[in-house]
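Okay, here's what each chain looks like letter by letter:
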Amino acid sequence: MTENQPVDTATPMTASIMDSIKGFLGNILSSWKVRITLLAIVLLGIGILAFFYQHWVAEFGMKLWTNSSGAKPIECVLKDTNNDNYVSCSALLGEQVVPLECSSSLFNLGCRVNYGSALPNIKAARGN
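So, here is what we can say about the structure in this document.

Basis of the calculations
- Residues numbered from 1 in each chain as written.
- Predicted model: local features only at pLDDT ≥ 70, side-chain atom pairs only at ≥ 80, totals over all residues.
- Heavy atoms only, no water.
- Helix = DSSP H or I, 4+ residues; strand = E, 2+ residues; numbered from the N terminus.
- Expected span 1.5 Å × (residues − 1).
- Bend = angle between axes of the 7 residues up to and from the residue.
- Buried < 20%, exposed > 50% of the residue type's maximum accessible area, 1.4 Å probe, protein only.
- Contact = heavy atoms within 4.5 Å.
- Pairing = 2+ DSSP bridges.
- Axes fitted to C-alpha atoms, helices over the stretch in contact; angles between N-to-C directions.
- Phe/Tyr/Trp six-rings, centres within 6.5 Å; stacked < 30°, edge-to-face > 60°.

We now examine helix H2 (residues 32-69). The first and last C-alpha atoms of H2 sit 54 Å apart over 38 residues, in line with the 56 Å expected at 1.5 Å per residue. Approximately 50° is the largest bend angle found in H2, and it occurs at Phe52. Among the residues of H2, those classed as buried are Gln54, His55, Val57, Ala58, Gly61, Met62, Trp65 and Thr66. Along its buried surface, H2 packs onto strand E1 (72-76), strand E2 (86-93), strand E3 (96-103) and strand E4 (111-113).

Read across the sheet, four strands follow the order E1-E2-E3-E4 without closing on themselves; strand pairing throughout is antiparallel. Across the chains shown, the open sheet's two edge strands, defined by having one partner strand only, are E1 and E4. Taken over all neighbouring pairs, the strand axes of this sheet differ in orientation by 35° on average, direction set aside. Bridge count for E2 against E3 is eight bridges, and the pairing is antiparallel. Each bridged residue has a counterpart across the sheet, and for Val87 the counterpart in E3 is Cys102.

On to the packing of aromatic side chains, then. Taken as a whole, this structure holds two aromatic pairs when the rule is applied. With a centroid separation of 5.0 Å and 90° between ring planes, the pair formed by Phe51 and Phe52 is classed as edge-to-face. Between Phe52 and Trp56 the ring centres are 5.7 Å apart and the planes differ by 25°, which places this aromatic pair in the stacked class. Of this pair, Phe52 and Trp56 both sit in helix H2, four residues apart, which is roughly one turn of the helix. The class for Phe52 is partly exposed, based on a relative accessible area of 27%. Here a set of aromatic residues connected by ring pairs shows up, and it is made of Phe51, Phe52 and Trp56.

Next comes the structure, spelled out in structure tokens:
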């Protein structure tokens, strides 16, 4: 080593800190109870994500639709009940509640207006 080169003192200290962290984590993870608990937490998180996934994607699509239409988002149901990849939502446009079907897929974000449920019952109006 020459006189102009700095001495690297951080590397041995960093290595010892990393070794102590690895040892500490190794001691914690060596317990089967901790492993089972961590596995349960991960599975619970995956389950929650899977359950609410359609709702979160549909709400995101509803917010995109309401931002472009000037409506106010109301709410979406939790799941796609008829397996058509759309979740029922509603928005407030002026003073009218607009029934929406918002996509539950990230590859098809957005909503469509559900005119079928917005139409009045024609038979009841005619008296049939």
